[in-house]
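Fold and geometry: a report
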Protein chains: 2
Amino acid sequence: MGIQEKIFKDYQSFELQQRYLKDPQTLYEPINYVLALGGKKVRPVLTCLAHEAGGGTSSNILKMAYALELFHNFTLLHDDVMDHAEQRRGKPTVHKKWDVATAILSGDEMLIQTCILINEVEQESGHAFMSEFLTMASEVCQGQQSDMDFENRDNVTLDEYMEMIRKKTAILLAVAIKFGSRLAGIDGDTQEVLYDYGTSAGVGFQMMDDYLDTYGDSSFGKRIGGDILEDKKTWLYIKAMELANAGQKAVLANWHGTSTNEEAKIDAVRSIYTDLGVDKLIAKEMEKQFEHADQLMLSMKNQMPNIGVLSDYLNRLAKRTI
Amino acid sequence: MGIQEKIFKDYQSFELQQRYLKDPQTLYEPINYVLALGGKKVRPVLTCLAHEAGGGTSSNILKMAYALELFHNFTLLHDDVMDHAEQRRGKPTVHKKWDVATAILSGDEMLIQTCILINEVEQESGHAFMSEFLTMASEVCQGQQSDMDFENRDNVTLDEYMEMIRKKTAILLAVAIKFGSRLAGIDGDTQEVLYDYGTSAGVGFQMMDDYLDTYGDSSFGKRIGGDILEDKKTWLYIKAMELANAGQKAVLANWHGTSTNEEAKIDAVRSIYTDLGVDKLIAKEMEKQFEHADQLMLSMKNQMPNIGVLSDYLNRLAKRTI
């Protein structure tokens, strides 16, 4: 069993032991439900791998990993209410299975429980975490708000979009890596490089998600074209609007807001994207992010000789082999 | 100007300076809106009065007071979404003025900002606050969940009800007093007594709220009978169901869930309450809570000679002269 697999299994069994058996069950059952939906557990695995890469031996590492996974699931839970999402990982979302009130309150409790765990690790390990965690959490809220605001705006720039995905998605990955390395006793400067490394990789992953939502292989079971159907202001859309001529803009505008002929809409919008070459442009931009991450990784080889266990995992994520 | 008035004014001007001017405005505007709705600012005033009663000179006192008011407003914001409330202090609730997504996310950010402030005070003052604050916050969620659960249950006991209002309402008042005294350097044992003092007073206030909702004077402008119309499982209702004979139970059951003749429903249910004497029983129980609080207050006279500034305020709250 490889180190990545071992870490995933160790984390999984730790998480299972954390099931909330407290009262009122109506508050805690949805929390257990959300965590049990599965997924790749990318954030806690990153925390553990960064710790491993730094040669760490902290007894708090799994607790920290779990805290960040709990936070991530809190954001999913509340985002699903805000987006009226009906399913999450093939199962009904909490506000569908229970109701909106339950989803809001259980989410609140998840955020509070996250803070309890972060505070415990801070007290027990002697490393400061709380302040940075809360700054990150606040920025995640800002990212989510910007994402919602973009839906009602026609003038979103690529810079704004990149800043939104940095906050909404990338910095939690960056913090997961940074905190894991901190528990391993890695020096502060290297922690900052790791944070930038995680941010670049995270931005790259989100762009890849956007790319695959439109250009992915539907044989993996994922519905293709969701972003186009929902008229989401993705990198592809913003770039296309930048490059489109009057005729192409008119076609895009005509499809905007329609939902009667879904397949035709996806085909038409994607054709314009492809004609404008935004598929290649996003691939290039994505590559830039991953190359920047690679450079940062190489710069840390002296401080973290074992960084390969972390970068291998991120590379596999980038190639979607995990 | 009396000390209570001075503290209220000092707090008010501190709060005004805290207005969030950050981006995205769509996230922070609702927070400013909620705080500006006014109110008696009972929690921050209690924090400051407990600090004053302990002869405190902490430069962090207003920040702590503000943090607890922010937390309180976070709970109001999310509770209003859960309860589908349309108004708060005569103004539209956040989910009515904006939308549900905004109310959820701004509330989340308020909770995060609360934790940031509590953490800052902990770091700056050298006193531990975070862990106790988070335990209290989690219990408030439990209280809110129980309150919602009670609506779907027919077998709620008075003990369960008392535990629910302790968690949902009283312990935040208790923590407000305790934290204010801690910043004044009051010893740990006395802090615990102050916590019990605040809890008893808080439970008393909530029972008074329940009493006045049914038996209050409508000339103050507050709608009377709301709890009856909403079939809320209040102390009055639970006690009445305990004492009612078969005929009275049948009448209560008949009105339950109806909304066609509001005034008749209020009159009929209140008549049964009065016939059973539950109005007098709740007054007696309330008095017990306030007497217990008074005894605790007297027991602290040696440790806190100036406790009168705090107890005067609580007594005035109990008599509704504030």
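Residues numbered from 1 in each chain as written. Chains lettered and ligands numbered in written order. Predicted model: local features only at pLDDT ≥ 70, side-chain atom pairs only at ≥ 80, totals over all residues. Heavy atoms only, no water.

Glancing now at the relation of the copies chain A and chain B. Rotating chain A by 180 degrees and moving it 0.0 Å along the rotation axis overlays it on chain B with an RMSD of 0.0 Å. Taken together, the rotation and translation relating the two chain copies correspond to the operation of a two-fold axis. When the interface residues of chain A are mapped onto chain B, 100% of them are again interface residues, pointing to one common binding face. (Least-squares fit on C-alpha atoms with pLDDT ≥ 70 in both. Contact = heavy atoms within 4.5 Å.)

Time to look at the interface of chain A and chain B. Across the contact, 35 residues belong to chain A and 35 residues belong to chain B. Buried surface at the junction of chain A and chain B, both sides included, amounts to about 2,900 Å², of which 70% is carbon and sulfur. Considering only the surface of chain A that becomes buried against chain B, A:L105, A:I112 and A:Q145 emerge as the three largest contributors, covering 18% of it. Counting every contact that joins chain A to chain B gives zero salt bridges. (Buried area = accessible area lost by both parts, 1.4 Å probe. Salt bridge = Lys/Arg side-chain N within 4 Å of Asp/Glu carboxyl O.)

On to the environment of A:N32. Residues and elements named next belong to chain A. Locating N32 in the fold gives a position in helix 2 (residues 25–35). With a relative accessible area of 9%, N32 lands in the buried category. Distance in space between the C-alpha atoms of N32 and Y66 is 13 Å, their sequence separation being 34 residues. Once residues lying within four places of it in the same chain are set aside, the contact partners of N32 are R19 and Y20. (Helix = DSSP H or I, 4+ residues; strand = E, 2+ residues; numbered from the N terminus. Buried < 20%, exposed > 50% of the residue type's maximum accessible area, 1.4 Å probe, protein only.)

A word on the side chain of A:T199. Structurally, A:T199 can be placed in helix 9 (residues 188–215). Here A:T199 is in contact with A:R166, A:A170 and A:A174, once residues within four sequence places are set aside.

Let us now look at the pattern of salt bridges. All names here are of chain A. Scanning all chains against the criterion turns up 38 salt bridges over all chains. Residue D10 pairs with K6 through a salt bridge whose shortest N-O separation is 2.6 Å. Taken together, the residues span about one helical turn, with D10 and K6 both in helix 1 (residues 3–17) at a distance of four residues. We classify D10 as partly exposed; its relative accessible area is 32%. One network of salt bridges, in which partners are shared, links E132, K178, R182 and E192.

Our focus in this paragraph is the packing of aromatic side chains. Between two aromatic rings, the relevant description is the distance of the centres plus the angle of the planes. For the structure shown, the criterion picks out 16 aromatic pairs over all chains. Ring geometry for B:F14 against B:Y66: centres 6.2 Å apart, planes inclined by 70 degrees, an arrangement best described as edge-to-face. Taken together, the residues B:F14 in helix 1 (residues 3–17) and B:Y66 in helix 4 (residues 61–82) connect sequence positions 52 residues apart. For the pair shown, B:F14 and B:Y66 are each scored as buried. On the basis of an interplanar angle of 80 degrees and a centroid distance of 5.2 Å, the ring pair of B:Y33 and B:W98 is categorised as edge-to-face. Taken together, the positions of B:Y33 in helix 2 (residues 25–35) and B:W98 in the loop between helix 5 (94–97) and helix 6 (100–125) put the pair 65 residues apart, joining distant regions of the chain. Classification of B:Y33 as buried rests on a relative accessible area of 16%. Here the aromatic residues A:F71, A:F74 and A:F133 are joined through ring pairs into a cluster of three or more. (Phe/Tyr/Trp six-rings, centres within 6.5 Å; stacked < 30°, edge-to-face > 60°.)

Once that is clear, we can look at the state of the cysteines. Residue and element names in this part refer to chain B. The full count for this structure, using the stated rule, is zero disulfides over all chains. Distance from the sulfur of C48, which forms no disulfide, to the nearest cysteine sulfur (C115) is 20 Å. Judged by its relative accessible area of 6%, C48 falls in the buried class. In this model C141 remains outside any disulfide bridge; the closest cysteine sulfur is found in C115, 11 Å from its own. Judged by relative accessible area, C141 falls into the buried class, the value being 4%. (Disulfide = S-S within 2.5 Å.)

Just distances and angles here, no functional claims.
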